[in-house]
Amino acid sequence: MGIVQGKRALVVGVANDKSLAWQIAQTLAKEGAEVALTYQGEVLEKRVRPLAAQIDATVIGELDVTNDAQIESVFAALKEKWGGLDLLVHAVAFAERENLRDRFLTVSRENFARSMEISAYSLVALARAAEPLMEACGGGSIITLTYLGAVRAIPNYNMMGVAKAALEACVRYLSIDLGAKNIRVNALSAGPARTLSSSAIRDFHTMTHQVEERSPLRRGMKPEEVGTMAAAVLSDFSSGVTGQTIYVDVGFNIMGF
Ligand code: NAP
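Basis of the calculations
- Residues numbered from 1 in each chain as written.
- Predicted model: local features only at pLDDT ≥ 70, side-chain atom pairs only at ≥ 80, totals over all residues.
- Heavy atoms only, no water.
- Near = heavy atom within 4 Å.
- Polar contact = N/O pair within 3.5 Å; in protein donor to acceptor, adjacent residues only side chain to side chain.
- Areas by Shrake-Rupley, 256 points an atom, 1.4 Å probe, with all protein chains shown as cover.
- Nonpolar A, V, L, I, M, F, W, Y, C, P; charged D, E, K, R; others polar.
- Phe/Tyr/Trp six-rings, centres within 6.5 Å; stacked < 30°, edge-to-face > 60°.
- Helix = DSSP H or I, 4+ residues; strand = E, 2+ residues; numbered from the N terminus.
- Buried < 20%, exposed > 50% of the residue type's maximum accessible area, 1.4 Å probe, protein only.
- Core = buried A, V, L, I, M, F, W, Y, C linked by side-chain atoms within 4.5 Å.
- Contact = heavy atoms within 4.5 Å.
- Salt bridge = Lys/Arg side-chain N within 4 Å of Asp/Glu carboxyl O.
- Pairing = 2+ DSSP bridges.
- Right-handed = clockwise from strand over helix to strand, strands pointing away.
- Axes fitted to C-alpha atoms, helices over the stretch in contact; angles between N-to-C directions.

Near the ligand, the surroundings consist of 27 residues, among which S19, Q40, A193, T195 and S197 are the closest. Within the backbone of V92, a nitrogen or oxygen atom sits 3.5 Å from an oxygen atom of the ligand. Taken by itself the ligand offers 880 Å² of open surface, and the protein chains cover 90% of this. Taken together, the residues of the shell around the ligand sort by class into 17 nonpolar, eight polar and two charged.

So this is what it looks like as structure tokens:
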């Protein structure tokens, strides 16, 4: 028996086999959950389908989180397939490459709004769509992924840090709204991991080296550690935990210098 045995999980944000969402999807499947994945556009569909096959996951449909019609259609498909939903993983973020380097001050109004919409508002939109399906199951558990740049000034993280601060606040407010329906909402604050998204951050290797040298565990975070923590927070073992930002960063966030 796995820790999420028989749970039905939607995982949003698998782009390739380096994606943190993929680590989470694999662990959930290993721990007994039925998993559904989405993809954004035809190129990613070609990458996501073979990954889904590896863990017997369903590819439930295309989902650009800025597209309300696609959100509606994915959750309608889930309702038809499963009748309800127990777990939701939101692992989606976006900032223009130019806003992940140099001066935060130069971000345009348009880029600021787009990053906030994709990286923070999308959690609200997905949680709202998930609410009736989770209610049908007597409750549910939602997680999103964030980073230390939400609460500390990290050079070059810039626009994404602002969006992650909003995301962590969304987690707290959503946890109040959904708690009465036994739906928990938490964020995992992961350490730096090499992925498609993180490759856009200037000097990303400095972030990883700092963690390896200065964290209490004196090594980098292993991506699979995000998968195992996600399964734990999503599972009923964490039934008393909601509204939290939980650090999976080999302890780096506690360091002063
Ligand atoms: P990733 O593999 O590139 O995943 C990011 C995902 O967001 C991709 O699947 C991407 O799809 C998706 N996305 C972007 N815009 C979207 C939209 N409009 N609609 C739907 N999906 C969209 O990178 P990752 O590092 O695993 O990122 C997953 C999450 O972990 C993000 O929230 C990230 O901020 C967070 N995180 C990452 C790190 C790290 O060091 N890697 C650390 C802490 C937190 P496309 O490729 O099509 O844009």
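Once that is clear, we can look at the packing of aromatic side chains. What the rule picks out here adds up to one aromatic pair. For the pair Y147 and Y157, a centre-to-centre distance of 4.8 Å together with 65° between the ring planes defines the contact as edge-to-face. Of this pair, Y147 sits in the loop between β5 (140–146) and α5 (158–179) while Y157 sits in the loop between β5 and α5, placing them ten residues apart in sequence. As far as burial versus exposure is concerned, Y147 and Y157 are alike and both buried.

Mapping R8 onto the fold places it in strand β1 (residues 8–12). At 3.1 Å, the side chain of R8 forms a polar contact with the backbone oxygen of W82.

On to the nonpolar core, then. Within the largest apolar cluster, 38 residues are counted, with the highest numbers of intra-cluster contacts made by V11, L28, L37 and L188. Counting residues per element, this core draws most heavily on helix α1 (residues 20–30), at six residues. Aside from chain neighbours lying at most four places away, what touches V11 is A21, A25, L28, V35, A36, L37, T38 and V89. Counting 34 residues, the second largest nonpolar core, distinct from the first, contains V65, W82, L88 and A120.

Before going further, it helps to spend a moment on the pattern of salt bridges. Counted by the stated rule, this structure contains eight salt bridges. The shortest N-O distance in the salt bridge between D86 and R8 comes to 3.1 Å. Within this pair, whereas D86 is found in the loop between α3 (68–82) and β4 (87–90), its partner R8 is found in strand β1, the two being separated by 78 residues in sequence. D86 gets classed as buried once you look at its relative accessible area, which sits at 9%. Ionic pairing is found between E135 and K181, a salt bridge with its closest N-O pair at 3.5 Å. With E135 in helix α4 (residues 109–135) and K181 in the loop between α5 and β6 (183–190), the pair connects residues that are 46 residues apart, well separated along the chain. Classification of E135 as partly exposed rests on a relative accessible area of 41%.

Turning to the pairing of β4, a few remarks are in order. Because side chains alternate across β4, one face comprises the buried residues L87 and V89, and the other comprises L88 and H90, equally buried. Sheet topology note: the β4/β5 ladder contains four bridges and is parallel. Bridge assignment links V89 to a residue of β5, and that residue is I143. Each parallel crossover has a hand, and the one from β4 via α4 to β5 is right-handed.

Attention now goes to the sheet that holds β4. Pairing is parallel in the open sheet, where seven strands are placed in the order β3-β2-β1-β4-β5-β6-β7. Both outer strands of the open sheet, β3 (58–62) and β7 (245–248), are each paired with one neighbouring strand and no more. Across the sheet, the mean angle separating the axes of adjacent strands is 20° when strand polarity is ignored. This element, helix α2 (residues 41–54), spans β2 (34–39) and β3 of the sheet and lies at about 160° to β2.

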